[in-house]
Amino acid sequence: TGSLLLDYLSNAQKVSAFEISKEAIQYVKEQIPAPFQHKVEFYQESLINIHHIKEYSCVIVNSVLQYLPSIKALLDSLRQLIKATKDGGVILIGDVRSMELLDVFLIVKHFSHHPDDEGKIPSNLFYKSRDTEIVLSPLFFYALKKQVKDISWVDIHIKHGQYANELNFFRYDVTLHINKTIQEADCLSLGFNEIEKTDDIHALLNKNPLHPVKIHNIPYDRMKNLIQQLPVKNKEHIDKMIKMPVH
């Protein structure tokens, strides 16, 4: 739709837009304000066919990876994008479907469509409901970093949107840093269950001002929020069936 393009176009020097649909390209062209049209060059190409070398400082791939035909096509596309990124640049990958949250998503989806099912989940739900779209664990990108030396660092971002939908609750974003100088620092590690009040965190930061702090096992309590909005008669059984994941 070009919605992301329009957000950053005014601050960009040059944009190369890749799209396999001729109609989609024409639609986006019509949305670009006249003063910015000279900045954008369109290519009717798939990600797999990108053969530019160290040309882009920032590559944005939003809500695309899940539609690639296979894992091989996914890996080939990522390798091409990494080659096309300048040293010190980044690849922003948006709307990745979460492997860890897939079963939870299927349960929530089932009860959204069948609110009268009092806790009864069909035995075939977890394999017949899976579609052909690619679903990835964040661990995939950490493993990819170990295999591809040009990836200097990986950041995983949870969604912070306000709407209760699949995009905000069951997908995440990824940043790949390409051939960037990374200075790793020792950090203090703290379990979420060790924190009794926010003052504990402030005290730790004041005591160790030069050390970053890592807090792990943070409950993903936004899921409770989503469950409360489902049109289901009895929500207690869903709470029992869904083990709240942590990140």
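Above this note sits the structure.
Numbering of residues starts from 1 in each chain and follows the order in which that chain's sequence is written. Where totals are concerned, whole chains, interfaces and linings use all residues; where local detail is concerned, this predicted model gives features only for residues with pLDDT of at least 70, and gives and counts side-chain atom pairs only at 80 or more. The basis for every side-chain value is the complete set of non-hydrogen atoms in the structure, without hydrogens or water.

A. Quick peek at the overall build of the protein. Only runs of H or I of at least four residues qualify as helices and only runs of E of at least two qualify as strands under DSSP, and these elements are numbered from the N terminus. Each helix and strand in the protein was counted, giving 10 helices and eight strands. Here a residue-residue contact requires only that any non-hydrogen atoms of the pair lie within 4.5 Å. Within the protein, contacts between residues at least 6 apart in sequence are counted, and of these 73% link residues at least 24 apart. Here, Shrake-Rupley sampling with a 1.4 Å probe gives the accessible areas, and only protein chains in the shown set may cover a residue. If you sum the accessible surface of the protein, you get close to 15,700 Å²; carbon and sulfur atoms cover 52% of it.

B. Representation of the pairing of strand S7 (residues 188-191) within the structure. Any two strands between which DSSP finds at least two bridges are classified as paired. Pairing between S7 and strand S8 (residues 213-216): four bridges, direction parallel. Bridging from a neighbouring strand, leucine 188 pairs with valine 213 of S8. Crossover connection from S7 via helix H8 (residues 198-207) to parallel S8: handedness right-handed. Orient the strands so they point away from the viewer; a crossover is then right-handed if the path from the first strand over the helix to the second runs clockwise.

C. Region of interest: the pairing of strand S4 (residues 85-97). The sheet contact formed by strand S3 (residues 56-62) and S4 spans six bridges and is parallel. From the neighbouring strand, cysteine 58 faces S4, where its bridge partner is valine 90. In the classification by handedness, the crossover that spans S3, the intervening helix H3 (residues 71-84) and the parallel S4 is right-handed.

D. Local environment of the environment of tyrosine 8. One can find tyrosine 8 in helix H1 (residues 3-8). Working definition: with a 1.4 Å probe on protein chains only, accessible area under 20% of the residue-type maximum means buried, over 50% means exposed, and in between means partly exposed. Overall, tyrosine 8 belongs to the partly exposed group, its relative accessible area being 28%. Discounting residues that sit within four places of it in the chain, tyrosine 8 has contacts with Val15 and Ile60.

E. How the structure looks around the packing of aromatic side chains. Only rings of Phe, Tyr and Trp enter the pairing, Trp through its six-membered ring, and a pair is recorded when the two centres are within 6.5 Å. The plane angle decides the type: under 30 degrees is stacked, over 60 is edge-to-face, the rest tilted. Taken as a whole, this structure holds four aromatic pairs when the rule is applied. When the ring of phenylalanine 140 is compared with that of phenylalanine 141, the centres are 5.1 Å apart and the planes differ by 90°; the resulting orientation is edge-to-face. No difference in accessibility class separates phenylalanine 140 from phenylalanine 141, as the two residues are buried. Relative to tyrosine 172, the ring of phenylalanine 141 lies with its centre 6.4 Å away and its plane at 85°, an arrangement referred to as edge-to-face. With a gap of 31 residues between them, phenylalanine 141 in helix H6 (residues 138-147) and tyrosine 172 in strand S6 (residues 171-178) connect regions that are remote in the sequence.

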